[in-house]
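As a plain string of letters, each chain reads:
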Amino acid sequence: MLVPGWSAKVDCAWLRAIWAGRARVSESFWRLYFVVLVDGEPVGMQDLVGADFTRFGVVSSFSWLVPGRRGDGIGKEMRSAVLHLALAGLDAREAESDAFADNHASNKVSRTLGYEPNGTTWDTLRGELAPIQRWRLTRDAWEQGRRDDIELVGVEECRPALGLG
């Protein structure tokens, strides 16, 4: 099923990478993929990545929303949910995120949730070099704005698969 706003032609390589990542779960690397539903309709995805998580305790996140659902506050809810999973459920020390510098909505979500700027880097966007803004959220900063309305279910059963026995 294709989601409105999804370009299958452009996104085939990205989809291949997503499926390859689903097959790779170990103590040194895992990537959890979540579908975002609104009223039963898929509107996006939210990922949580742990690279050498048992050693560093740092997660990174990635998200995507269909264009028609951007600006509705869904991005903030998605990120809040995976941050709660990472910091309350998996005992992460901190979280990282990044976005193209001109992706004002994503950068606003990071800023609103307490992330601090953490440098810049470069990537390509539609074949052109583009700056990336990096973000960092410490456990202390998350605790200050921590939500109490997010419930985690079944996390303990999943921890061993992520090397978190």
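Here, residues in each chain are numbered from 1, in the same order as that chain's written sequence. Local features in a predicted model are, by the rule used here, given only for residues with pLDDT of at least 70; side-chain atom pairs are given and counted only at 80 or more, and totals for whole chains, interfaces and linings are based on all residues. Each side-chain value is worked out from all heavy atoms of the structure, with water and hydrogens disregarded.

### Remarks on the side chain of D47
- Strands are runs of DSSP state E lasting at least 2 residues, helices are runs of H or I lasting at least 4, and numbering of each runs from the N terminus. With respect to the helices and strands, D47 occurs in strand β2 (residues 41-51).
- Only protein chains enter the accessibility calculation, which uses a 1.4 Å probe; a residue is then buried when its area is under 20% of its type maximum, exposed when over 50%, and partly exposed in between. When its relative accessible area of 0% is taken as the criterion, D47 is described as buried.
- As used in this structure description, the phrase polar contact means that two N or O atoms lie within 3.5 Å; if the pair is within protein, one of them must be able to donate a hydrogen and the other to accept it, and residues adjacent in sequence are counted only when both atoms belong to side chains. Of note is the side chain of D47, whose polar atom sits 2.8 Å from the side chain of R31.

### Let's talk about the pattern of salt bridges
- Take a side-chain nitrogen of Lys or Arg and a carboxyl oxygen of Asp or Glu: if they are within 4 Å of each other, that pair is a salt bridge. If you walk through the whole model with that rule in mind, you get 8 salt bridges.
- Salt-bridge contacts for D91 lead to R159; the nearest nitrogen and oxygen are separated by 3.4 Å. Pair noted here: D91 is in the loop between α3 (74-89) and β4 (94-100) and R159 is in the segment after α6 (155-158), with a separation of 68 residues, a long-range link.
- Through salt bridges that share partners, E77, R147 and D149 make up one connected network.

### Section: α3
- To estimate the expected span of a helix, count its residues, drop one, and scale the result by 1.5 Å. Compared with an ideal rise of 1.5 Å per residue, which puts 16 residues at 22 Å, α3 spans 21 Å between its outermost C-alpha atoms and is within 8% of the ideal.
- Of all the 16 residues making up α3, 12 are buried; the element is thus mostly covered by neighbouring parts of the structure.
- Along α3, the residues classified as buried are I74, G75, M78, R79, S80, V82, L83, H84, L85, A86, L87 and G89.
- At the exit of α3 stands D91, carrying a positive phi of roughly 60°.

### A few points about the packing of α3 against helix α4 (residues 104-112)
- Helix axes are fitted to C-alpha atoms over the stretch in contact, other axes to C-alpha atoms as well, and angles between N-to-C directions run from 0 to 180 degrees. At their nearest, the axes of α3 and α4 sit 10 Å apart, and the two run at 50° to each other. As far as their axial angle goes, α4 and α3 are oblique. In the packing of α3 onto α4, the handedness of the crossing is right-handed. Across the interface between the two elements, G75, K76 and R79 of α3 pack against S106, V109, S110 and T112 of α4.
- Residue composition of the contact of α3 with α4, by class: 1 nonpolar, 4 polar and 2 charged. By definition in this entry, angles of less than 35 degrees are roughly parallel, angles greater than 145 are roughly antiparallel, angles of 65 to 115 are roughly perpendicular, and the rest are oblique. The handedness criterion is simple: a crossing whose near helix is rotated anticlockwise from the far helix by less than a right angle is left-handed, and one whose near helix is rotated clockwise is right-handed. In this description, contact between two residues means that some pair of their heavy atoms is separated by no more than 4.5 Å. The classification used treats Ala, Val, Leu, Ile, Met, Phe, Trp, Tyr, Cys and Pro as nonpolar, Asp, Glu, Lys and Arg as charged, and all other residues, Gly among them, as polar.

All quantities given are derived from atomic positions and should not be read as evidence of function.
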